[in-house]
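# Chain and residue survey
What follows is the residue order along each chain.
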Amino acid sequence: MSSHLVWSIIRNNNAFLLKKRNISKPFSTEPSNLTNLNSYRYNGIVHKKTVGIVDGPDKKGFTVVCQRPKKQNKPKERTIKTTFKSGPRRSLYKLKKLLKSDRYRTDLTKVALRRASAVLRSQKPRRGKQPKKVVEE
């Protein structure tokens, strides 16, 4: 089926929708949706090519989950998982290079970089508040 037909069917009703009161556009909880917005552009169910970014193993780095369009009928061979954990700057550069080299969803490049940097930022240890030094005279 065409992606537009599938989108028109699942747009308002699917298992990944998260509707809340006083919010005009519902959120989406699907794994390969980079922005968690329910829109055609970012939907991971509808498109043949999708990009998803999740935490890496042991909370180090991030994993990029891509789907091959030619293996659409073979779910086991369809997904490709690549883990990046060689430092934040180098990993983000490699991700950008990966998405641009094969022209693999170039419209999602900036969004994927934002998501990956957010994942890396969440893995940094939090700095606790330092106690104030009391000067005694």
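Residues numbered from 1 in each chain as written. Predicted model: local features only at pLDDT ≥ 70, side-chain atom pairs only at ≥ 80, totals over all residues. Heavy atoms only, no water.

For the protein, the name recorded in an unreviewed UniProt entry is Large ribosomal subunit protein eL28, with Harmonia axyridis as its organism. UniProt lists a comment for the protein under the heading Sequence similarities (unreviewed entry), and it reads "Belongs to the eukaryotic ribosomal protein eL28 family." (UniProt positions renumbered as here; feature names shortened; annotations may be inferred.)

All right, on to the layout of surface pockets then. Empty space within the largest pocket amounts to approximately 230 Å³. Forming the walls of the largest pocket are 14 residues, and the residues nearest its centre are Pro88, Leu120, Arg121, Gln123 and Lys124. Breaking the lining of the largest pocket down by element, the ones donating at least two residues are α3 (88–101) and α4 (109–123). The biggest single contributor to the lining of the largest pocket is α4, with four residues. (1 Å grid on protein atoms, 1.4 Å probe; cavity = no way out; pocket = protein on both sides within 12 Å on 5 of 7 lines; lining within 4 Å. Points joined across faces, edges and corners; volume = space filled by probe spheres on them. Helix = DSSP H or I, 4+ residues; strand = E, 2+ residues; numbered from the N terminus.)

Once that is clear, we can look at the domain arrangement of the protein. Each assigned domain of the protein is listed here: domain 1 (1–46) and domain 2 (48–124). Each of domain 1 and domain 2 has a C-alpha centre, and these two points are 20 Å apart. Contacts between the two partners involve 11 residues from domain 1, matched on the other side by 11 residues from domain 2. On the domain 1 side of the contact with domain 2, Ser32, Leu34 and Arg41 bury the most area, a combined 62% of that side's loss. Where domain 1 touches domain 2, the interface holds one salt bridge. Between Asp107 and Arg41 there is a salt bridge, with the nearest N and O atoms lying 3.7 Å from each other. At the junction of domain 1 with domain 2, the criterion picks out three residue pairs in polar contact (both at pLDDT 80 or more). For the side of domain 1 that touches domain 2, the class distribution of residues is four nonpolar, six polar and one charged. (Domains from an automatic or database assignment. Contact = heavy atoms within 4.5 Å. Buried area = accessible area lost by both parts, 1.4 Å probe. Salt bridge = Lys/Arg side-chain N within 4 Å of Asp/Glu carboxyl O. Polar contact = N/O pair within 3.5 Å; in protein donor to acceptor, adjacent residues only side chain to side chain. Nonpolar A, V, L, I, M, F, W, Y, C, P; charged D, E, K, R; others polar.)

Glancing now at the confidence of the model for the protein. Residues of the protein with pLDDT of at least 70 account for 99%, and the chain-wide mean is 89. Helix α2 (residues 75–78) is the least confidently modelled element of the protein, averaging 87 in pLDDT, while α4 averages 93, the highest of any element. (pLDDT = per-residue confidence, 0-100.)

Here the focus is α3. Residues lying three or four places apart along an α-helix face the same way, a consequence of the helix completing one turn every 3.6 residues. Relative to the 20 Å expected for 14 residues at 1.5 Å per residue, α3 spans 20 Å between its end C-alpha atoms, a close match to the ideal helical length. Among the residues making up α3, those that are buried are Ser91, Leu95 and Leu99. In an axial view of α3, the angular spread of the buried residues amounts to 65°, which keeps them on one side of the axis. Exposed residues lying more than 90 degrees from the buried face of α3 are Arg89, Arg90, Tyr93, Lys97 and Ser101. Those residues of α3 that are buried lie in contact with β3 (51–55), β4 (62–67), β5 (79–84) and α4. (Expected span 1.5 Å × (residues − 1). Buried < 20%, exposed > 50% of the residue type's maximum accessible area, 1.4 Å probe, protein only. Arc of directions from axis to C-beta.)

Turning our eyes to something else, we now look at the UniProt feature "domain: Ribosomal eL28/Mak16" (unreviewed entry) in the protein. Those places that UniProt annotates as "domain: Ribosomal eL28/Mak16" (unreviewed entry) correspond, in this numbering, to residues 5–122. The distance from the first to the last C-alpha atom of residues 5–122 is 37 Å, and the span holds 32% helix and 18% strand.

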